[in-house]
Amino acid sequence: KNGQMEQKENNDGKQRIVRQPRCDIYRKTFAAEQKKKREEAVTNPEVLLRGVSIYESENEIKEILEDYGYQIQEVKRFHKMPIVKVMLSNSSDVVKILKDNDIQIGYSMVKVEPFDQINHIQNIISSNAGNAIN
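Residues numbered from 1 in each chain as written. Predicted model: local features only at pLDDT ≥ 70, side-chain atom pairs only at ≥ 80, totals over all residues. Heavy atoms only, no water.

For the protein chain, the name recorded in an unreviewed UniProt entry is RRM domain-containing protein, with Reticulomyxa filosa as its organism.

Engineer: Provide a residue-level description of the overall build of the protein chain, including the pertinent values.
Structural biologist: The number of helices and strands found in the protein chain is four helices and seven strands. Taken from the N to the C terminus, the helices and strands of the protein chain come in the order β-β-α-β-α-β-β-α-β-β-α. The burial tally for the protein chain puts 23% of its 134 residues in the buried class. In the protein chain, once contacts between residues fewer than 6 apart in sequence are set aside, the share between residues at least 24 apart is 52%. For the protein chain, the accessible surface area stands at approximately 10,100 Å², while carbon and sulfur atoms represent 50% of it. (Helix = DSSP H or I, 4+ residues; strand = E, 2+ residues; numbered from the N terminus. Buried < 20%, exposed > 50% of the residue type's maximum accessible area, 1.4 Å probe, protein only. Contact = heavy atoms within 4.5 Å. Areas by Shrake-Rupley, 256 points an atom, 1.4 Å probe, with all protein chains shown as cover.)

Okay, structure coming up:
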């Protein structure tokens, strides 16, 4: 099967040649395999939690996440905003928390998303520019 052609027999006994694509991107499962590989290869151990009450302290947030089974290195709240940056100890926890849709901190359900430093800076700049215009 390493040659890109394969012979198969039809119902009437005749041989036919079936060509297999040479490039991996033509395989039906290629996109799913690449998506799974990207999810497993998390390099940034930081995630953002959105929707966290501003009345929850960093220590309370850390304790709650440890109760969920995550190993937390650092919790940092953005100044007077319902957003918290969490640094996890290992990449398997990052993958696990990104897939977890039912994390409750205080009385609210939080939304978890990967922390991307470049996009975060762009969002701050664009929101500040909007405030300066108004």
